[in-house]
Structures are given as C-alpha cells and as structure tokens.
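The lines below spell out each chain.
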Amino acid sequence: MPQTTQSQVPRVGFVSLGCPKALVDSERILSQLRVEGYAIVGGYADADLVVVNTCGFIDAAVEESLDAIGEALNENGKVIVTGCLGAKPGVVEAAHPQVLAVTGPQRYEEVLDAVHTYLPPRRDPFTDLLPPGGLKLTPRHYAYLKIAEGCNHKCRFCIIPSMRGLLASRPVGDVLREAEALVSAGVRELLVISQDTSAYGSDIKFKPDLWRGGLVRSHVQDLARALGQLGVWVRMHYVYPYPHVDKLVELMAEGTILPYLDVPFQHGSADVLEAMRRPAHAENTLARVSKWREICPDLALRSTFMVGFPGETERDFEILLDFLTEAQIDRAGCFEYSAVDGASANDLPDAVPDTVKAERLERFMAHQSAISTARLATKVGLSMPVIVDEIDDELGAIGRTEANAPEVDGQVIITDGHLLTPGEIVEATIDDADEHDLYAHVSLDDDWD
Ligand code: SF4
C-alpha cells in the first residue's frame, strides 16, 4: 500500500462514474482538494488514497461501480466511496467491507472529512492561501477558486517561491470550466485565490482559450469578466497595486465582479517595502488607491500588514499609520514579523526588539479599529445585498455584505432573518454598526409600502 510522509504532498486518485450531475459533484470535491493542497494523480499506484464517485441508477451501473471499487481496493487499498451508490452503504459494505468510508451524493463535506481523516492535508500556516481555519469546509454556497500556483517575486520574508516554485498559471479554460461546475453545484460566491492574482497568466503569455464560443485570454481582467458572466459573486484576493489593476476596478464599478480587493500591502513606508523587496514597491500606492476609489467609490479594501520588519524605524511605523488613514483601509490584518527558516530577511541587520513589535502591533490595531468603526458607521441607514452564511437560533441570520469576505472580515447580523436560508442573497437595511460588524433587518419590498 502506498505510504505518505508529512514532507510529501498528499496525493488523491479519483474515479468518477455516472451522469453529468455526478461529474459536477466530482469537480466540486476535486476543487476543494486542490485548494487544500492535495495533488490529484492519474494512477492508483501514485495515489495515497482513492475516492470513487459511484453511480447506482440501474443494475449495470451498480455492477460497474462495485467493480471500480474492487479494482481501486486491489490496486491501492485505501478507498473512500461517494455518489449515488453511496446512498446505499449496505450494498457497498456487503461487497467490499474494507472501504474506509461511504458517503452519499452531494455529501461534499462528508467525503472531504473522510479524506482529511485518512489522509490529513499538509498545513503550513505561513504559506497557505486559505484563512486560518480554512480546513473548516466552505459551506456549499461559496468556494475558493485557485487560478495559479507559485510566485515570481522574491519578498525577503517569504519562502513560497523556493517551496512552491515560480508562477504556474492554470489555463483560463480550465479555471472557467471549474467555476461553471462549482456554480452548477450550488456555489453563489467564488473567491479567486493565488499567490499573486494580478500576475495571473504572465507565465503562459496570457494564452487565450475557447470558452462559450469566444476567445478568453489567461489574464486577470478577461478572467474576471468571464467569471462575472456566471451570475454569482466573484471576489478577488491577493492582488498587487499595479497599474493594470485599474481595469479590474472598472469591472467592479460596472458590477461585473464584487467591489472588493484584497491587496497585501504589508507596509506603507517605501523604505520598508523596498527592504522587503515587495512587488510594486516603487508604485505610488496611495495615488493608485485614490484612483481606484475614484473609479469605484464603493470599493472595499482588505489588506494585511507586517510590523517590526528588520530596520523598521518609529518614523516608518508612523508612515504606516498615516497610510492606513489616507488609504482608508476597510479591513486589515496585522502580524509581527518573525523569522522563517530559509528566508533571506534573516540575514538583515537592525532587528526590532520583540517588545517594540508588540507595542506597534497594539497601536496598529487601535488605529485601524477607529478607521473601521468610522467607515462602518457610514453604512447605517443604507440598504444592501447580504449573502446568508448561517442561521443562529438567537441572533438571526449571519451573513456578509459585498464588502466582507468569509472567515476573515466582519459579518452582518440580520436580526429578523431566522427564516432565511444559507446561500440566499437578500436586501437588508443596516440599523447599527460597531467596530467590525453590522446589524440589519430584511428590507421590505417597496411595493409593500
Ligand atoms: S509575492 Fe512575495 S510574499 Fe507573496 S508569495 Fe510571492 S514572494 Fe511570497
């Protein structure tokens, strides 16, 4: 039986049988596995575990499915069964008692739970693109769409390029087909991720692909426009402030994709950014942000920052606080710099003492919190679409506006939303706001007045 060690990328083999609906289920499971860092392999021998998505529609399909499970068990030994035949676990277990787990059709969460149990993903909090807790499965109504692997930059605190290699973009046709499958499976919001989304396609010379009868370039702008045709929310993460991003913001102003940009600025001081060797460090970022806000006044900006990078002075830190104020960053995460094995920043002089790092982090959070509170207060009285994530018996519906990404940003509590359903997008009127969250009620249709 194949063995895996923690140093290897966990590899999953996948057998997909049955109708187009089963194929959509397979796509949804495969997408999630890829996002979580599993490699999908073609042969039984290369896989650490095999998932068989079965069909149970007619007797012949049941036979074919049981044969496929038997073959996977013989060739690999570790098999998880899902799909229509999985709705009859007794039939599967009677024929093949050695299977690790049996789950029914559209039971994505259960299949993935079983994969996590028998083949844990390799998690690296530093390099993972998913938010902390990303292993908690995304509910069915949103999904991460990974468009590229690796990175061509050389930020001094980062080891991703040496771990994951140079930028390798997926052809746009593959990405769009995966997105279509996710939407067919019920996804209402796509979260586009990669290490550098603004660089998407530059490694494959923006190669065009056929999609829905036309040519689409493997370029972030074309990709965004095409994703916008799928009729779901499309949210962009990890975009750098390059001039061509202005065009992406135009698509936000048109309503093609959400007016939301996650830009990991990391700092506001040009000297620190240069020392970090950040992409686009020579750009006039504040001018860029002000242009974006001119193009799309509703734009919400999310970012992450780092304090205490070697050589950061008190003056640099104050420039960073001024940057937050000027750029009016809506959402920000902040980390204290810490050395990572293999990163070139480890050799830099002028380390910032831990006590200073901690004090700067605290000042950063207080400063940003005041900005966030003031920005959210301007939403009170407005009506806006909210996507429902979950229902809480006491609070009501918990959801997000277009300005909030799941798991990392604030929430909207719809206090009269107990009867709404997760995944539903409703119009809500904002009644109150605090530091991070909004409180709302469902807006009544004008016709009811
Ligand atoms: S842009 Fe910089 S921080 Fe991001 S993955 Fe590339 S090298 Fe690392």
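So, here's what we can say about the structure. This is a predicted model, so every value here is computed, not measured.

## As for the overall build of the protein
- A tally of regular secondary structure across the protein gives 12 helices and 20 strands.
- The C-alpha atoms of the protein give a radius of gyration of 24 Å, which matches the 22 Å a tight globule of 449 residues would have.
- Each principal axis of the C-alpha distribution contributes one length, and for the protein these read about 70 × 65 × 45 Å.
- Here the protein holds 449 residues, and 53% of them are scored as buried.
- Long-range contacts, defined as pairs at least 24 residues apart, comprise 73% of the intrachain contacts of the protein with a sequence gap of at least 6.
- Per element, the accessible surface of the protein, about 19700 Å² overall, is 53% carbon and sulfur.

## A short note on the packing of helix α6 (residues 172-184) against helix α7 (residues 220-228)
- Axis separation between α6 and α7 bottoms out at 11 Å; the angle between their running directions is 25°. With respect to their mutual orientation, α6 and α7 come out roughly parallel. Pair α6 / α7 crosses with right-handed handedness. Residues Val-172, Val-175, Leu-176 and Ala-179 of α6 touch α7, and the partners they reach there are Leu-223, Ala-226 and Leu-227.
- Residues of the contact of α6 with α7, tallied by class, amount to seven nonpolar, no polar and no charged.

## Some thoughts on the sheet that holds strand β20 (residues 438-442)
- Strand order in the closed barrel formed by five strands is β16-β17-β18-β20-β19, and the pairing between neighbours is mixed. When the angles between neighbouring strand axes are averaged without regard to direction, this sheet yields 50°.

## Quick notes on unusual backbone geometry
- Although it is not a glycine, Gln-266 sits at a positive phi angle of roughly 65°.
- Relative to the helices and strands, Gln-266 resides in the loop between β13 (260-262) and α9 (270-276).
- In this structure, Gln-328 is a non-glycine residue whose phi angle is positive, near 50°.
- Structurally, the position occupied by Gln-328 is in the loop between α11 (314-327) and β15 (331-336).
- The class for Gln-328 is partly exposed, based on a relative accessible area of 26%.

## Considerations on the side chain of His-237
- Among the structural elements, His-237 can be located in the loop between β12 (233-236) and α8 (245-254).
- According to the relative accessible area criterion, His-237 is buried, its value standing at 5%.
- In contact with His-237, other than residues within four places in its own chain, are Leu-191, Val-192, Ile-193, Thr-197, Tyr-260, Asp-262 and Ala-405.

## Re the packing of aromatic side chains
- Overall, the coordinates contain seven aromatic pairs when judged by the stated rule.
- For the ring pair Tyr-142 and Tyr-144, a centre distance of 6.4 Å and an interplane angle of 85° mean the geometry is edge-to-face. With respect to burial, Tyr-142 and Tyr-144 carry one shared label: buried.
- Put simply, the rings of Phe-265, Phe-305, Phe-323 and Phe-364 pair up and form one aromatic cluster.
- The ring of Tyr-142 has Arg-400 sitting right over it, with the charged end atom 5.4 Å from the ring centre.

## Some thoughts on the environment of Phe-317
- If you trace the backbone, Phe-317 turns up in helix α11.
- Sequence-wise, Phe-317 and His-244 are 73 residues apart; in three dimensions their C-alpha atoms are separated by 29 Å.
- Sequence-distant contacts of Phe-317, defined by excluding residues within four places in its chain, comprise Val-307, Glu-312, Arg-360, Arg-363 and Phe-364.

## Here's the deal with the sheet that holds strand β3 (residues 49-54)
- With respect to topology, five strands assemble into an open sheet ordered β2-β1-β3-β4-β5, the strand pairing being parallel. Taken across any chain shown, the strands that pair with only one partner, and hence form the sheet edges, are β2 (39-41) and β5 (101-102).
- For strand β1 (residues 11-16) and β2, the ladder comprises three bridges, and the chain directions are parallel. Within β2, the residue paired with Val-12 across the bridge is Ile-40.
- Seen against the sheet, helix α2 (residues 59-75) touches β3 and β4 (79-83) and runs at an angle of roughly 180° to β3.
- Each of β1, β3, β4 and β5 is contacted by helix α4 (residues 108-118), which is oriented at about 175° to β4, the strand it contacts most.

## So, α7
- Counted residue by residue, α7 has seven buried out of nine residues, so it is predominantly covered.
- If you check which residues of α7 are buried, you get Val-220, Gln-221, Asp-222, Leu-223, Ala-224, Ala-226 and Leu-227.

## Regarding a negative patch on the surface
- A surface patch of negative charge is lined by Asp-59, Glu-63, Glu-64, Asp-67, Glu-71 and Glu-75.
- Among the structural elements, Asp-67 can be located in helix α2.
- For Asp-67, a relative accessible area of 53% gives the class exposed.

## Points about the pattern of salt bridges
- A complete count under the given rule lists 21 salt bridges for this structure.
- The partner of Arg-360 in a salt bridge is Glu-314, with the nearest N and O atoms 3.8 Å apart. Within this pair, whereas Arg-360 is found in helix α12 (residues 354-377), its partner Glu-314 is found in helix α11, the two being separated by 46 residues in sequence.
- A relative accessible area of 5% places Arg-360 in the buried class.
- Each member of the salt-bridge network shares a partner with another, and the members are Glu-312, Glu-314, Glu-359, Arg-360 and Arg-363.

Calculation notes
- Residues numbered from 1 in each chain as written.
- Predicted model: local features only at pLDDT ≥ 70, side-chain atom pairs only at ≥ 80, totals over all residues.
- Heavy atoms only, no water.
- Helix = DSSP H or I, 4+ residues; strand = E, 2+ residues; numbered from the N terminus.
- Rg over C-alpha atoms; globule rule 2.2 N^0.38 Å.
- Buried < 20%, exposed > 50% of the residue type's maximum accessible area, 1.4 Å probe, protein only.
- Contact = heavy atoms within 4.5 Å.
- Areas by Shrake-Rupley, 256 points an atom, 1.4 Å probe, with all protein chains shown as cover.
- Axes fitted to C-alpha atoms, helices over the stretch in contact; angles between N-to-C directions.
- Parallel < 35°, antiparallel > 145°, perpendicular 65-115°, else oblique.
- Left-handed = near helix turned anticlockwise from the far one by under 90°.
- Nonpolar A, V, L, I, M, F, W, Y, C, P; charged D, E, K, R; others polar.
- Pairing = 2+ DSSP bridges.
- Phe/Tyr/Trp six-rings, centres within 6.5 Å; stacked < 30°, edge-to-face > 60°.
- Lys NZ or Arg CZ within 6 Å of the ring centre and 35° of its normal.
- Patch = residues over 30% accessible without salt bridge, like charges linked within 9 Å, V, L, I, M, F, W, Y side chains within 5 Å.
- Salt bridge = Lys/Arg side-chain N within 4 Å of Asp/Glu carboxyl O.
- Lys, Arg positive; Asp, Glu negative; His and termini not counted.
- Charge placed at Lys NZ, Arg CZ, Asp CG, Glu CD.

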